[in-house]
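A structural walkthrough
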There are 2 protein chains.
Amino acid sequence: MRSMVRQAHHKKESHARLTGGRVSESTVRRLSLYYRGLSTFEREGYKTISSKDLAKEGRLTPAQVRKDLSFFGSFGTRGLGYPVKELKEKIARILGLNRTWNVALVGVGNVGSALVSYKEFPKQGFNIKLLFDNDQRKINKNHKGIQVFDVKDLASKLKEHKIDLVILAVPASAAQAVTDDVVSAGVKSILNFAPTHIKVPDDVTLRSVNMAMELEHLSFSLVNKGYPLKF
Amino acid sequence: MRSMVRQAHHKKESHARLTGGRVSESTVRRLSLYYRGLSTFEREGYKTISSKDLAKEGRLTPAQVRKDLSFFGSFGTRGLGYPVKELKEKIARILGLNRTWNVALVGVGNVGSALVSYKEFPKQGFNIKLLFDNDQRKINKNHKGIQVFDVKDLASKLKEHKIDLVILAVPASAAQAVTDDVVSAGVKSILNFAPTHIKVPDDVTLRSVNMAMELEHLSFSLVNKGYPLKF
DNA sequence: TTAATATTGTGAAATTGTTCACAAGTTTGA
DNA sequence: TCAAACTTGTGAACAATTTCACAATATTAA
Ligand SMILES: NC(=O)c1ccc[n+]([C@@H]2O[C@H](COP(=O)([O-])OP(=O)(O)OC[C@H]3O[C@@H](n4cnc5c(N)ncnc54)[C@H](O)[C@@H]3O)[C@@H](O)[C@H]2O)c1
Ligand SMILES: NC(=O)c1ccc[n+]([C@@H]2O[C@H](COP(=O)([O-])OP(=O)(O)OC[C@H]3O[C@@H](n4cnc5c(N)ncnc54)[C@H](O)[C@@H]3O)[C@@H](O)[C@H]2O)c1
């Protein structure tokens, strides 16, 4: 009797890595959505969840959910669905939410102040550790318990405090110059609120929140009401 | 001598309307980008601009620019490019920026206050006319020159003042209920800042600014640094 | 034990979005 | 007046993304 061929049973690597496959921006955005959905389902006591139900949170198709998740591995059980708690943890790991990040904020104005006082960010692991401004009236004062430093010292302080991520809430006219300083300090992630195009090297990730653009989108849809649009 | 065949010379209709063609969300977003670019070029004194130069503002390809614009008509001149001032006005018209909009804001908290004091919105035609809150300490007080109304009167006031667009800056837990009121008042455009999924009827356009999602995107890119990603 | 039902994971098909490539038209300079 | 240099507008090719469809597997109930 010949011995049975042993099944290769090492832990299956994710599709994304195996294929050198690329994860699209939309997939990452939806991962955030799933994460939020799973938090809700967990709170409501669900132990497992189907791609169908997960899809409802966000007007997606079940196939889309399964495809997105399959990029990172096989997390579900056929016939049953996905284990809520476990999948939530897997996504947290994928999104980098299973740890804390050191954040600095530049521009302690209207937007900056709102962000500093927002309680949800620390809960998600984003800790605002340093504040910067160029206004002498704000420098060296405490702002909600955090000292405001002179933006002149930006690069050195960012390095000193091992800042992972910088939020930019300065006027558009200052955004590029501040960004260049941030980049020179080796920071690889920037969230920008200034309504302007900023140049960064390829290895730096820049995301922008552009409220004017969102309003323009809305006024576009008001003006074009009635014509067949895609969204 | 026979008379020349007269060229049909009626105003050419745009591709979008002719084809029943659909304008993608990305195209609208890029239109905002072009608009901003054109404003800059106009300020700098340019009379015409090529798709090539317009593309640089935003890391796009010239073909993309031409394709986007061709959805709405033929605005350029072969060999020359696009007339800056004229194209800017055309895009303003497409995006609905050649007029003013009546805006109401619900939730005069950190984010709401920042938005109320932002000077750029009125310049773009978005006039915040009404404020609402459910906090008795804020109701009937003036906030930067604008009276704060009780959210109980939301629907009636929105109709009374012919509000086109509502900004939601309330806690996530209140977002759906407030939205339902807004929708019942016949408002067709909503900009939401609460980090939650909101349901609206198909004829209502909802855009959301979700800062947590942007941060999650950034932490994802920090965690996945080095793997071949698409962005 | 079996049938009926549920649900994943994933190639393949369909759809959507982007880039190419070039004819057509414009300008510039000799 | 002509040629060289530009640049648009757009069909067609290509690429990316989404949806379909179904085999594989688990659960439940009789
Ligand atoms: N306020 C809003 O609702 C709103 C809406 C959309 C976009 N934005 C954009 O967000 C950004 C911030 O807006 P805001 O309303 O908070 O402005 P703001 O004027 O209230 O605050 C800007 C802060 O940046 C500081 N600053 C200026 N130049 C600086 C520099 N070189 N280095 C460090 N600090 C500097 C200022 O001293 C000020 O404290 C702007 O780009 C604005 O266009 C704001
Ligand atoms: N502050 C930030 O930086 C930040 C960042 C990301 C997201 N957000 C989101 O933006 C929204 C607003 O945040 P915020 O920091 O301004 O909160 P906030 O608590 O400062 O303000 C919320 C305001 O809404 C009012 N309100 C509550 N329930 C209401 C109701 N049913 N009707 C009318 N008004 C009501 C409150 O009285 C308060 O004035 C929240 O959903 C928050 O999660 C805020």
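Because the structure is predicted, anything quoted here is derived from the model rather than measured. (Residues numbered from 1 in each chain as written. Chains lettered and ligands numbered in written order. Predicted model: local features only at pLDDT ≥ 70, side-chain atom pairs only at ≥ 80, totals over all residues. Heavy atoms only, no water.)

1. A look at the packing of helix H2 (residues 25–43) of chain A against helix H10 (residues 211–223) of chain B
Where H2 of chain A meets H10 of chain B, the closest approach of the two axes is 10 Å, and the angle between their N-to-C directions is 120°. The two elements H2 of chain A and H10 of chain B cross, and the hand of that crossing is right-handed. On H10 of chain B, the residues touching Glu25, Val28, Arg29, Ser32, Leu33 and Arg36 of chain A of H2 of chain A are Met213, Glu216, His217 and Phe220 of chain B. Considering only residue class, the contact of H2 of chain A with H10 of chain B consists of four nonpolar, two polar and four charged. (Axes fitted to C-alpha atoms, helices over the stretch in contact; angles between N-to-C directions. Helix = DSSP H or I, 4+ residues; strand = E, 2+ residues; numbered from the N terminus. Left-handed = near helix turned anticlockwise from the far one by under 90°. Contact = heavy atoms within 4.5 Å. Nonpolar A, V, L, I, M, F, W, Y, C, P; charged D, E, K, R; others polar.)

2. Comments concerning the pattern of salt bridges
What the rule picks out here adds up to 27 salt bridges over all chains. Measuring nitrogen to oxygen at the nearest pair gives 3.7 Å for the salt bridge that ties Arg36 of chain B to Glu216 of chain A. Placement of Arg36 of chain B in helix H2 (residues 25–43) and of Glu216 of chain A in helix H10 (residues 211–223) is noted, with the two residues assigned to different chains. Take Arg36 of chain B and Glu216 of chain A: they sit in the same class, and that class is buried. The salt bridge partner of Asp150 of chain B is Lys152 of chain B, with a shortest N-O separation of 3.2 Å. (Salt bridge = Lys/Arg side-chain N within 4 Å of Asp/Glu carboxyl O. Buried < 20%, exposed > 50% of the residue type's maximum accessible area, 1.4 Å probe, protein only.)

3. Describing the relation of the copies chain B and chain A
Mapping chain B onto chain A calls for a screw motion: a turn of 180° about the axis and a shift of 0.0 Å along it, with 0.1 Å RMSD after fitting. Taken together, the turn and the small shift mark the pair as related by a two-fold rotation axis. Take the interface residues of chain B: 100% of them recur as interface residues in chain A, which is what a same-surface contact looks like. (Least-squares fit on C-alpha atoms with pLDDT ≥ 70 in both.)

4. A word on the site of ligand 1
Residues in contact with ligand 1 amount to 25 residues; listed here are only the nearest, Val111, Asp133, Lys138 and Val170 of chain A together with Tyr118 of chain B. Of the chains in the model, those with residues near ligand 1 are chains A and B. In this structure, an oxygen atom belonging to ligand 1 sits 2.5 Å away from a side-chain N or O atom of Asp133 of chain A. In the model, an oxygen atom of ligand 1 is placed 3.5 Å from a nitrogen or oxygen of the Phe193 of chain A main chain. Alone, ligand 1 offers 820 Å² of accessible surface; in the complex the protein occludes 84% of this. Listing elements by their share of the shell around ligand 1, those giving two or more residues are helix H6 (110–116) and helix H9 (172–184) of chain A together with helix H6 (110–116) of chain B. Of all the elements, H9 of chain A adds the most residues to the shell around ligand 1, at three residues. Partitioned by chemical class, the residues of the shell around ligand 1 number 18 nonpolar, four polar and three charged. (Near = heavy atom within 4 Å. Polar contact = N/O pair within 3.5 Å; in protein donor to acceptor, adjacent residues only side chain to side chain. Areas by Shrake-Rupley, 256 points an atom, 1.4 Å probe, with all protein chains shown as cover.)

5. Remarks on the packing of H2 of chain B against helix H4 (residues 62–70) of chain B
Residues and elements named next belong to chain B. For the pair H2 and H4, the least separation of the axes is 10 Å and the interaxial angle reads 105°. As far as their axial angle goes, H4 and H2 are roughly perpendicular. Counting all contacts with H2, which are made through Thr27, Arg30, Leu31 and Tyr34, the residues of H4 involved are Gln64, Val65, Asp68 and Leu69. Partitioning the contact of H2 with H4 into residue classes produces four nonpolar, two polar and two charged. (Parallel < 35°, antiparallel > 145°, perpendicular 65-115°, else oblique.)

Bear in mind that shape data such as this cannot, by itself, settle questions of function.
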